[in-house]
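In case you want the letters, here they are:
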Amino acid sequence: MNHKTSRFVYSMLFTLCVALIAMYSAYSHTLRTSGIDFSKPPQGQAFRRQAPNAQEMLASSLESSQDTQAAFTERTLIKVGLPDWVGEVNLSAPGGILYSQGQAPLIKVRLVTTFFQKVKLALYDGEDHLLLSTTEPLTLGAAEGTEEPVCQVEIVDPLTGAKTYSAYRGQLTLTPQEAGIKVVNHLALEDYLKGVVPSEVPARFEPEALKAMACVARSYTLASLGRHKEQGYDLCSEVHCHVYGGAGVEDPKINAQIEATAGQMVCWGKMIADTRYHAVCGGCGEGLEYAWPQAQPVNYLVPSSDLESGQLWTPAELLATISRSNLGASPLAAEPVAESDSLEGGELAPNRAEAAAPPALEPGASLENTPQLEAALRHFIDDPGPAYCQEASRFRWRAEYTLAELSDQLRESLPVLVGAQPTEIGDLQELQILRRSPSGRALQLAVVTSLGSFTLSHDQMRWMVGGGKINPSGLRSTLFYIEPSPEKIAFVGGGWGHGVGLCQEGAQGRALAGQDYLEIISHYYPGCEVLLNR
């Protein structure tokens, strides 16, 4: 390129830049004269006054050692992270939608991306007139009207045109992002529970079971505030925290039980209890320290029995029974009696029986998975006896995989779970449970492949199927035994979930048996009280 040509090209580029700057200045001036302010995020003056931040109140309460329940009210605001919105979003409400500059019956929210600017949110009314455009977060919500202020949300998929619908109480803070719109729902604690409880248990449950679930969900919410602080909200809307479906899943029967227990929380002394819960325990609950590797023992999150007999089933207790009985005739003896366990007169010799009695276990201690322990666990799973949660479809389950299927699953999950390289994972050769918890759940699992061996622990082993991440295709629980064959491997187990705290199906069974919600809660969280925030 010669000198004359270069000067011409540079001149044209400079002229183009000047023209673009002039156009942008004119556009910004037009928006400013229309009353739109880019300099700061909306202050939400049209909204009702918000309650104090719940996390700050919890910290203040704990630091001052005051009664925890005094720090919260039914108007405590919860910040819930919702799945990102992708596509055009239409918001409506009976009284209209409020935004920082006013309100409109219908607001269309669009994500606008330009080459020279950041991603922006653009709001339009029902006739596609621009209401506001900003690169900052903005807050929307339903205005007070003749009906309850609930924001109706319609999302139109940009590729297929398919529409999905949802509804939310409170306010929605929207933040523009390259991949979509980040959404945080701010709403009162009691309103939040109305979208949680029906997402966790069905409305057909007995009123006392629903009351128990309401108190447990309320307590777990308050004990978990700030769990997603780094993401800008308190709790997510998935199984990691609570499943939250918004106002669209509310049910009058469940709402009535939430309102009947308003302000009631499960407390351990002056502290709000960590009331974890799960779907089905399978007849026996688990201690917190056995569910996750880093968890420490908690006084009220201990193994519990859901058997109607009330017996707290543990392998340690059953091993003592097995070692003192005629193993050859015992229904617990699924394995042949070892030669070293010789019988004398049909029973173990007195000194041998005494030696076989297991010692008391220290908190957090686990058990080697001996043939006797495996036999006891298999008997419990195959013939547990009547249990409060036995009507659940997942009380007992069976999952079968071919060796090829399970090998493929492991190649996908082991890099996620233990950081293994795909080249280190061969074809599956053997699975062996090495240790169990006192409730019988598998704690350590050896995975032997043609290229190497790996060890999975605690809840990890549930996700060895399903890509190594929490998802519905994982194993139902760690309360299982393995049934191998030349072509397949079967997992035979009981329950669904980690087994810690309240068993939802067990709560229903106890309610059907006549127990009230206070009895149900005291069973699953021994030593805790239900206190009312006045």
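Refer to the structure printed above.
The sections below set out a description of the structure shown in this document. Everything quoted here is computed from the prediction, not taken from an experiment.

Describing the sheet that holds strand E13 (residues 271–272)
Ordered by their spatial adjacency, three strands build an open sheet running E13-E12-E23, and the pairing between neighbours is antiparallel. At either end of the open sheet lies a strand with only one pairing partner, and these are E13 and strand E23 (529–532). Here two bridges tie strand E12 (residues 264–268) to E13, and the two strands are oriented antiparallel to one another. Paired with Cys 267 across the two strands is Ile 272, which belongs to E13.

Some remarks on the side chain of Gln 515
Looking at where Gln 515 falls in the secondary structure, it is placed in the loop between helix H11 (504–512) and helix H12 (517–524). Setting aside anything within four residues of it in sequence, one finds Gln 515 in contact with Glu 208, Tyr 388, Arg 510 and Ile 520.

Brief notes about the packing of aromatic side chains
According to the stated counting rule, one finds six aromatic pairs in the structure shown. Their ring planes at 75° and their centres at 6.1 Å tell us that Tyr 401 and Phe 491 sit as a pair that is edge-to-face. Pair noted here: Tyr 401 is in strand E16 (residues 396–402) and Phe 491 is in strand E21 (residues 488–494), with a separation of 90 residues, a long-range link. For the residue pair Tyr 401 and Phe 491, the accessibility class agrees, reading buried in each case. Ring geometry for Phe 480 against Phe 491: centres 5.5 Å apart, planes inclined by 85°, an arrangement best described as edge-to-face. Placement of the pair is Phe 480 in strand E20 (residues 480–484) and Phe 491 in strand E21, with a sequence separation of eleven residues. Across this residue pair, the class does not change: Phe 480 and Phe 491 are buried. Chaining the aromatic ring pairs together yields one cluster made of Tyr 168, Tyr 192 and Tyr 244. Lying across the ring of Phe 395, Arg 396 places its NZ or CZ 4.3 Å from the centre. Above the face of the Trp 496 ring, Arg 476 is positioned so that its terminal group lies 4.5 Å from the ring centre.

Focus: the sheet that holds E20
Sheet strands pair by backbone hydrogen bonding; their relative direction is either parallel or antiparallel. Strand order in this open sheet of three strands is E16-E21-E20, and the pairing throughout is antiparallel. Either end of the sheet is taken by a strand with one partner, and the two such strands are E16 and E20. Between one strand axis and the next, the sheet turns through 20° on average, direction left out of account. In the packing of helix H9 (residues 371–382) onto the sheet, contacts are made with E16, E20 and E21, and the angle to E20 comes to roughly 100°. Contacts from helix H10 (residues 403–418) reach E16 and E21 within the one sheet, and its direction differs from that of E16 by about 90°.

The rules behind each value
- Every chain begins its residue count from 1, and numbering advances along the sequence as written.
- The predicted nature of this model means local features are confined to residues of pLDDT at least 70 and side-chain atom pairs, given and counted, to a pLDDT of 80 or more, with totals for whole chains, interfaces and linings taken over all residues.
- Remark: hydrogens and water are excluded; side-chain values derive from all non-hydrogen atoms of the structure.
- A pair of strands is treated as paired once DSSP finds two or more bridges between them.
- Helix numbers and strand numbers start at the N terminus; a helix is a DSSP run of H or I with at least 4 residues, a strand a run of E with at least 2.
- Residue contacts are defined here by distance: any two heavy atoms, one from each residue, within 4.5 Å place the two residues in contact.
- Centres within 6.5 Å make a pair out of two Phe, Tyr or Trp rings, where for Trp the six-membered ring is used; the pair is then stacked when the planes are under 30 degrees apart, edge-to-face when over 60, and tilted otherwise.
- Only protein chains enter the accessibility calculation, which uses a 1.4 Å probe; a residue whose area is less than 20% of its type maximum is buried, one above 50% is exposed, and one in between is partly exposed.
- A ring is scored as having a charge over it whenever the NZ atom of a lysine or the CZ atom of an arginine sits within 6 Å of its centre and within 35 degrees of its normal.
- Interaxial angle, 0 to 180 degrees, is taken between N-to-C directions of lines fitted to C-alpha atoms, where a helix line uses only the stretch in contact.

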